[in-house]
Amino acid sequence: KDVAQFVGIDTRDPDPAPALAFVRTFDITYPSIFDPQGRSLLEFSGTLPPSGIPSTLVVDAEGRIAARVIGEIDRGTLVGLVRDTAEGR
């Protein structure tokens, strides 16, 4: 069975209250990292521009970036990218 895992990174809010409110409002069930200094984004240098928020990365089972979307993404597009990645396309 294929499994997709998600992680959110909040680099925009200077305090955690808005991020926690977002998680509650939208019933976010995946882990979310609060990173107002943007340190976690340094891990993606060369992959994501610092101003490319929001962004979505789809990583394959081997840890390679299979898809990248800079900007908002809708559910249908995300499902398609994850499905294509799982199927090796």
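Everything below is about the structure shown above.
**With respect to unusual backbone geometry**
A negative phi angle is the norm for most residues apart from glycine, just as the trans form is the norm for most peptide bonds.
Part 1 of the argument: Following Ile53, the chain continues into Pro54 via a peptide bond in cis, with omega recorded as 5°.
Part 2 of the argument: The residue Asp27 is not glycine, and still its phi comes out positive at about 50°.
Part 3 of the argument: By the secondary structure assignment, Asp27 is in the loop between α1 (16-25) and β2 (32-34).

**Some points on the layout of surface pockets**
Part 1 of the argument: Here the largest pocket defines a volume of roughly 1900 Å³.
Part 2 of the argument: Residue lining of the largest pocket: 45 residues in total, with Phe6, Val7, Gly8, Ser55 and Thr56 positioned closest to the centre.
Part 3 of the argument: At the level of elements, β1 (8-10), α1, β3 (55-59) and α3 (75-86) are the ones that each hand at least two residues to the lining of the largest pocket.
Part 4 of the argument: The element best represented in the lining of the largest pocket is α3, accounting for 6 residues.

**Things to note about the side chain of Thr56**
Part 1 of the argument: For Thr56, the position within the fold is in strand β3.
Part 2 of the argument: Taking relative accessible area as the criterion, Thr56 reaches 18% and is therefore assigned buried.
Part 3 of the argument: When sequence neighbours within four positions are dropped, the list of residues in contact with Thr56 reads Ala67, Arg68, Val69, Ile73 and Leu78.

Definitions and cut-offs
Residues numbered from 1 in each chain as written. Predicted model: local features only at pLDDT ≥ 70, side-chain atom pairs only at ≥ 80, totals over all residues. Heavy atoms only, no water. Helix = DSSP H or I, 4+ residues; strand = E, 2+ residues; numbered from the N terminus. 1 Å grid on protein atoms, 1.4 Å probe; cavity = no way out; pocket = protein on both sides within 12 Å on 5 of 7 lines; lining within 4 Å. Points joined across faces, edges and corners; volume = space filled by probe spheres on them. Buried < 20%, exposed > 50% of the residue type's maximum accessible area, 1.4 Å probe, protein only. Contact = heavy atoms within 4.5 Å.

Nothing here speaks to function; it is geometry throughout.
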